[in-house]
Number of protein chains: 2
Amino acid sequence: MIDFDKLDKTIHEKGRLSIMTMLASRGEWKFQELRDQLKMSDGNLITHLRCLQKVGYVSTEKELKGRKVTKYLLTRSGKKAFKGYLRLLEQIVEQGSS
Amino acid sequence: MIDFDKLDKTIHEKGRLSIMTMLASRGEWKFQELRDQLKMSDGNLITHLRCLQKVGYVSTEKELKGRKVTKYLLTRSGKKAFKGYLRLLEQIVEQGSS
DNA sequence: GGTTTAACTTTGTATCACAAAGTTATAAAA
DNA sequence: TTTTATAACTTTGTGATACAAAGTTAAACC
(Lines give C-alpha, C1' and ligand atoms only; values in the text may rest on other atoms or scores of the structure.)
Protein backbone atom coordinates (compact mmCIF):
# COMPACT_ATOMS: atom_id res chain seq x y z
CA MET A 1 0.00 0.00 0.00
CA ILE A 2 1.34 3.37 -1.04
CA ASP A 3 1.88 5.75 1.85
CA PHE A 4 0.03 8.85 0.81
CA ASP A 5 1.02 10.61 3.99
CA LYS A 6 4.47 10.91 2.44
CA LEU A 7 3.10 12.87 -0.48
CA ASP A 8 4.71 16.28 -0.17
CA LYS A 9 1.90 18.82 -0.19
CA THR A 10 4.23 21.69 -0.94
CA ILE A 11 5.18 20.06 -4.22
CA HIS A 12 1.87 18.39 -4.98
CA GLU A 13 -0.11 21.56 -5.52
CA LYS A 14 -0.61 22.08 -9.23
CA GLY A 15 1.04 25.48 -9.53
CA ARG A 16 4.11 24.56 -7.54
CA LEU A 17 4.33 21.16 -9.23
CA SER A 18 4.56 22.89 -12.57
CA ILE A 19 7.25 25.20 -11.23
CA MET A 20 9.23 22.35 -9.72
CA THR A 21 8.98 20.36 -12.94
CA MET A 22 10.34 23.26 -14.93
CA LEU A 23 13.17 23.91 -12.50
CA ALA A 24 14.03 20.23 -12.49
CA SER A 25 14.18 20.04 -16.26
CA ARG A 26 16.53 22.99 -16.71
CA GLY A 27 18.91 24.72 -14.35
CA GLU A 28 17.66 28.26 -14.20
CA TRP A 29 14.55 30.17 -15.12
CA LYS A 30 13.90 33.86 -15.02
CA PHE A 31 10.81 35.05 -13.21
CA GLN A 32 9.44 36.31 -16.50
CA GLU A 33 9.99 33.02 -18.27
CA LEU A 34 8.19 31.10 -15.57
CA ARG A 35 5.31 33.55 -15.59
CA ASP A 36 4.95 33.43 -19.35
CA GLN A 37 5.33 29.68 -19.68
CA LEU A 38 2.98 28.90 -16.85
CA LYS A 39 0.58 31.75 -17.57
CA MET A 40 0.41 32.73 -13.95
CA SER A 41 -0.18 36.18 -12.56
CA ASP A 42 2.79 37.87 -10.92
CA GLY A 43 1.18 37.61 -7.53
CA ASN A 44 0.34 33.97 -7.80
CA LEU A 45 3.73 32.97 -9.17
CA ILE A 46 5.73 34.86 -6.60
CA THR A 47 3.59 33.48 -3.80
CA HIS A 48 4.32 29.94 -4.91
CA LEU A 49 8.00 30.72 -5.35
CA ARG A 50 8.15 32.26 -1.88
CA CYS A 51 6.47 29.18 -0.52
CA LEU A 52 9.05 26.96 -2.19
CA GLN A 53 11.84 29.18 -0.91
CA LYS A 54 10.48 29.10 2.60
CA VAL A 55 10.76 25.31 2.75
CA GLY A 56 14.19 25.52 1.16
CA TYR A 57 13.44 23.96 -2.21
CA VAL A 58 14.22 26.99 -4.33
CA SER A 59 16.85 29.72 -4.34
CA THR A 60 17.44 32.84 -6.39
CA GLU A 61 20.17 34.59 -8.26
CA LYS A 62 20.04 38.27 -9.10
CA GLU A 63 21.78 39.80 -12.05
CA LEU A 64 23.49 42.90 -10.80
CA LYS A 65 24.20 44.41 -14.17
CA GLY A 66 21.50 45.55 -16.59
CA ARG A 67 17.78 45.34 -15.96
CA LYS A 68 16.54 43.83 -12.76
CA VAL A 69 16.25 40.12 -13.41
CA THR A 70 15.75 37.31 -10.95
CA LYS A 71 16.56 33.74 -11.74
CA TYR A 72 15.18 30.81 -9.84
CA LEU A 73 16.71 27.40 -9.34
CA LEU A 74 16.35 24.28 -7.26
CA THR A 75 18.43 23.84 -4.16
CA ARG A 76 20.00 20.51 -3.36
CA SER A 77 17.22 19.89 -0.88
CA GLY A 78 14.65 20.82 -3.53
CA LYS A 79 16.11 18.33 -5.96
CA LYS A 80 16.06 15.65 -3.34
CA ALA A 81 12.48 16.38 -2.33
CA PHE A 82 11.36 16.38 -5.93
CA LYS A 83 13.08 13.07 -6.56
CA GLY A 84 11.20 11.61 -3.60
CA TYR A 85 7.99 13.02 -4.92
CA LEU A 86 8.62 11.48 -8.34
CA ARG A 87 9.29 8.13 -6.73
CA LEU A 88 5.84 8.27 -5.21
CA LEU A 89 4.33 9.22 -8.56
CA GLU A 90 6.03 6.20 -10.07
CA GLN A 91 4.44 3.99 -7.46
CA ILE A 92 1.03 5.43 -8.26
CA VAL A 93 1.53 4.92 -11.98
CA GLU A 94 2.70 1.38 -11.37
CA GLN A 95 -0.16 0.46 -9.08
CA GLY A 96 -2.66 2.22 -11.29
CA SER A 97 -1.68 0.31 -14.39
CA SER A 98 -1.74 -3.11 -12.75
CA MET B 1 6.13 21.58 -22.32
CA ILE B 2 3.68 19.65 -20.20
CA ASP B 3 0.19 21.11 -20.19
CA PHE B 4 -0.61 21.46 -16.52
CA ASP B 5 -4.02 22.84 -17.32
CA LYS B 6 -4.97 19.29 -18.23
CA LEU B 7 -4.18 18.08 -14.76
CA ASP B 8 -7.51 16.88 -13.37
CA LYS B 9 -8.02 18.67 -10.07
CA THR B 10 -10.71 16.28 -8.97
CA ILE B 11 -8.22 13.43 -9.09
CA HIS B 12 -5.12 15.38 -8.11
CA GLU B 13 -6.21 16.16 -4.57
CA LYS B 14 -4.33 13.89 -2.19
CA GLY B 15 -7.34 12.25 -0.57
CA ARG B 16 -9.14 11.52 -3.80
CA LEU B 17 -5.92 10.45 -5.49
CA SER B 18 -5.45 7.82 -2.84
CA ILE B 19 -9.05 6.66 -3.29
CA MET B 20 -8.73 6.53 -7.06
CA THR B 21 -5.47 4.62 -6.81
CA MET B 22 -7.07 2.04 -4.57
CA LEU B 23 -10.12 1.67 -6.79
CA ALA B 24 -7.90 1.35 -9.84
CA SER B 25 -5.80 -1.36 -8.28
CA ARG B 26 -8.72 -3.58 -7.28
CA GLY B 27 -12.30 -3.74 -8.47
CA GLU B 28 -14.31 -3.03 -5.35
CA TRP B 29 -13.78 -1.60 -1.95
CA LYS B 30 -16.16 -1.36 0.95
CA PHE B 31 -16.58 2.01 2.61
CA GLN B 32 -15.08 0.58 5.75
CA GLU B 33 -12.04 -0.80 3.99
CA LEU B 34 -11.31 2.52 2.36
CA ARG B 35 -11.74 4.36 5.63
CA ASP B 36 -9.46 2.00 7.51
CA GLN B 37 -6.78 1.78 4.84
CA LEU B 38 -6.69 5.50 4.22
CA LYS B 39 -7.24 6.47 7.84
CA MET B 40 -9.82 9.04 6.96
CA SER B 41 -12.73 10.18 9.02
CA ASP B 42 -16.18 9.07 7.85
CA GLY B 43 -17.11 12.59 6.93
CA ASN B 44 -13.99 13.31 4.96
CA LEU B 45 -14.08 10.02 3.09
CA ILE B 46 -17.71 10.26 2.10
CA THR B 47 -17.27 13.83 0.98
CA HIS B 48 -14.47 12.81 -1.37
CA LEU B 49 -16.47 9.83 -2.60
CA ARG B 50 -19.49 12.03 -3.23
CA CYS B 51 -17.28 14.42 -5.13
CA LEU B 52 -15.98 11.59 -7.30
CA GLN B 53 -19.51 10.32 -7.83
CA LYS B 54 -20.72 13.74 -8.82
CA VAL B 55 -18.25 13.95 -11.68
CA GLY B 56 -19.09 10.37 -12.64
CA TYR B 57 -15.82 8.67 -11.73
CA VAL B 58 -17.18 6.40 -9.03
CA SER B 59 -20.30 4.32 -8.55
CA THR B 60 -21.68 2.25 -5.71
CA GLU B 61 -23.17 -1.15 -5.10
CA LYS B 62 -25.26 -1.91 -2.07
CA GLU B 63 -25.58 -5.32 -0.56
CA LEU B 64 -29.26 -5.84 0.05
CA LYS B 65 -28.92 -8.85 2.31
CA GLY B 66 -27.22 -8.74 5.68
CA ARG B 67 -25.71 -5.69 7.30
CA LYS B 68 -25.70 -2.43 5.41
CA VAL B 69 -22.57 -2.37 3.30
CA THR B 70 -21.65 -0.08 0.46
CA LYS B 71 -19.05 -0.94 -2.11
CA TYR B 72 -17.34 1.59 -4.30
CA LEU B 73 -15.91 1.10 -7.74
CA LEU B 74 -14.64 3.06 -10.72
CA THR B 75 -16.95 3.77 -13.60
CA ARG B 76 -15.72 3.44 -17.15
CA SER B 77 -15.36 7.21 -17.24
CA GLY B 78 -13.43 7.13 -13.97
CA LYS B 79 -11.01 4.57 -15.35
CA LYS B 80 -10.50 6.65 -18.45
CA ALA B 81 -9.95 9.84 -16.48
CA PHE B 82 -7.50 8.12 -14.18
CA LYS B 83 -5.58 6.72 -17.12
CA GLY B 84 -5.29 10.20 -18.54
CA TYR B 85 -4.11 11.48 -15.19
CA LEU B 86 -1.47 8.76 -15.01
CA ARG B 87 -0.27 9.66 -18.47
CA LEU B 88 0.39 13.18 -17.22
CA LEU B 89 2.21 11.84 -14.17
CA GLU B 90 4.40 9.80 -16.49
CA GLN B 91 5.29 12.92 -18.40
CA ILE B 92 6.23 14.67 -15.19
CA VAL B 93 8.37 11.75 -14.07
CA GLU B 94 10.03 11.61 -17.46
CA GLN B 95 10.75 15.31 -17.65
CA GLY B 96 11.83 15.41 -14.04
CA SER B 97 14.42 12.69 -14.45
CA SER B 98 15.94 14.15 -17.61
C1' DG C 1 -38.32 -2.52 22.08
C1' DG C 2 -33.52 -1.42 22.66
C1' DT C 3 -28.75 -1.66 21.14
C1' DT C 4 -25.23 -1.80 17.89
C1' DT C 5 -23.22 -0.75 13.61
C1' DA C 6 -22.45 1.20 9.00
C1' DA C 7 -23.26 4.84 6.21
C1' DC C 8 -24.27 9.28 5.67
C1' DT C 9 -25.25 14.60 6.74
C1' DT C 10 -24.40 18.90 8.77
C1' DT C 11 -21.73 22.44 10.58
C1' DG C 12 -17.79 25.01 11.56
C1' DT C 13 -13.00 26.25 10.94
C1' DA C 14 -8.75 26.99 9.03
C1' DT C 15 -6.15 27.00 5.02
C1' DC C 16 -4.99 28.50 0.59
C1' DA C 17 -5.12 29.41 -4.46
C1' DC C 18 -5.67 33.20 -7.20
C1' DA C 19 -6.57 37.78 -9.04
C1' DA C 20 -6.19 42.65 -8.90
C1' DA C 21 -4.30 46.59 -7.59
C1' DG C 22 -0.67 48.93 -5.50
C1' DT C 23 4.57 49.57 -4.41
C1' DT C 24 9.56 49.86 -5.18
C1' DA C 25 13.65 50.24 -7.64
C1' DT C 26 16.19 50.57 -11.62
C1' DA C 27 17.12 51.67 -16.39
C1' DA C 28 16.23 53.92 -20.58
C1' DA C 29 14.28 57.93 -22.90
C1' DA C 30 13.41 62.71 -23.31
C1' DT D 1 17.62 65.46 -14.70
C1' DT D 2 13.01 64.67 -14.85
C1' DT D 3 9.98 61.29 -16.83
C1' DT D 4 8.55 56.94 -18.31
C1' DA D 5 8.72 52.16 -18.56
C1' DT D 6 9.58 47.73 -16.77
C1' DA D 7 10.54 43.79 -13.64
C1' DA D 8 9.89 42.11 -9.33
C1' DC D 9 7.52 42.09 -5.42
C1' DT D 10 3.61 43.11 -1.64
C1' DT D 11 -0.91 43.58 0.00
C1' DT D 12 -5.61 42.69 0.20
C1' DG D 13 -9.78 40.41 -0.58
C1' DT D 14 -12.55 36.53 -2.00
C1' DG D 15 -14.08 32.17 -2.97
C1' DA D 16 -13.22 27.36 -2.61
C1' DT D 17 -12.39 23.38 -0.01
C1' DA D 18 -10.12 19.89 3.04
C1' DC D 19 -11.01 18.08 7.31
C1' DA D 20 -12.83 17.03 11.91
C1' DA D 21 -16.51 16.45 15.06
C1' DA D 22 -20.87 15.69 16.23
C1' DG D 23 -25.31 14.47 14.92
C1' DT D 24 -28.75 11.55 12.03
C1' DT D 25 -30.77 7.46 9.84
C1' DA D 26 -31.76 2.84 8.99
C1' DA D 27 -31.20 -1.87 9.33
C1' DA D 28 -30.05 -6.18 11.98
C1' DC D 29 -29.47 -8.73 15.94
C1' DC D 30 -30.56 -9.50 20.76
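In case you missed it, the structure is sitting above this.
Residues numbered from 1 in each chain as written. Chains lettered and ligands numbered in written order. Predicted model: local features only at pLDDT ≥ 70, side-chain atom pairs only at ≥ 80, totals over all residues. Heavy atoms only, no water.

Draft legend 1. Representation of the overall build of chain A within the structure. Helices and strands together make up the secondary structure of chain A, namely five helices and three strands. Written out in order from the N terminus, the α and β elements of chain A read α-α-β-α-α-β-β-α. Each principal axis of the C-alpha atoms in chain A carries an extent, and together these give about 55 × 25 × 20 Å. Expressed as a percentage of its 98 residues, the buried residues of chain A come to 45%. When contacts within chain A are restricted to residue pairs at least 6 apart in sequence, long-range pairs at least 24 apart make up 52% of them. In chain A, 20 positive and 12 negative side-chain charges are present, and the distance between their average locations comes to 6 Å. (Helix = DSSP H or I, 4+ residues; strand = E, 2+ residues; numbered from the N terminus. Buried < 20%, exposed > 50% of the residue type's maximum accessible area, 1.4 Å probe, protein only. Contact = heavy atoms within 4.5 Å. Lys, Arg positive; Asp, Glu negative; His and termini not counted. Charge placed at Lys NZ, Arg CZ, Asp CG, Glu CD.)

Draft legend 2. Layout of the relation of the copies chain B and chain A. The transform that puts chain B on chain A rotates by 180 degrees and translates by 0.0 Å along the axis, for an RMSD of 0.0 Å. This pairing of chains is accounted for by a two-fold axis. Among all residues of chain B, the one whose C-alpha sits closest to the rotation axis is B:Leu89, at a distance of 3.3 Å. Same-surface contact between copies: 100% of interface residues of chain B are shared with the interface of chain A. (Least-squares fit on C-alpha atoms with pLDDT ≥ 70 in both.)

Draft legend 3. Local environment of the sheet that holds strand β3 (residues 69–74) of chain A. All names here are of chain A. Pairing is antiparallel across the open sheet formed by three strands, whose spatial order is β1-β3-β2. Of all strands in the sheet, those with a lone pairing partner are β1 (29–30) and β2 (58–63), marking the two edges. Bridge count between β1 and β3: two bridges; the pairing is antiparallel. Bridge pairing in β3 links Trp-29 to Tyr-72. Running over the sheet, helix α4 (residues 42–54) touches β2 and β3 and is turned about 50 degrees from β3. (Pairing = 2+ DSSP bridges. Axes fitted to C-alpha atoms, helices over the stretch in contact; angles between N-to-C directions.)

Draft legend 4. Inspection of α4(A) at higher detail. Residue and element names in this part refer to chain A. Over its 13 residues, α4 extends 18 Å from the first C-alpha to the last, a length consistent with the 18 Å expected when each residue adds 1.5 Å. The set of residues buried in α4 consists of Leu-45, His-48, Leu-49 and Leu-52. Here the buried residues of α4 occupy an arc of 100 degrees about the axis, which is enough to place them on one side. Buried residues in α4 make contact with α1 (9–12), α2 (14–25), α3 (31–38), β2 and β3. Positioned one or two residues after α4, Gly-56 has a phi angle of 85 degrees, which is positive. (Expected span 1.5 Å × (residues − 1). Arc of directions from axis to C-beta.)

Draft legend 5. Structural detail: the nonpolar core. Among the nonpolar cores identified, the biggest contains 58 residues, and A:Ile92 and B:Ile92 are the most heavily contacted of them. Leave out the neighbours within four places in its chain, and B:Ile92 touches A:Leu17, A:Thr21, A:Phe82, A:Leu86, A:Leu89, B:Ile2 and B:Phe4. (Core = buried A, V, L, I, M, F, W, Y, C linked by side-chain atoms within 4.5 Å.)

Draft legend 6. A look at the interface of chain B and chain A. Across the boundary between the two partners, chain B contributes 28 residues, which contact 28 residues of chain A. Here chain B meets chain A over a buried area of about 2,300 Å², counting both sides, of which 74% is carbon and sulfur. Ranking the residues of chain B by area buried against chain A places B:Phe4, B:Lys14 and B:Val93 at the top, with a combined share of 25%. Counting across the chain B and chain A interface gives zero salt bridges. Linking chain B with chain A are one residue pair in polar contact (both at pLDDT 80 or more). (Buried area = accessible area lost by both parts, 1.4 Å probe. Salt bridge = Lys/Arg side-chain N within 4 Å of Asp/Glu carboxyl O. Polar contact = N/O pair within 3.5 Å; in protein donor to acceptor, adjacent residues only side chain to side chain.)

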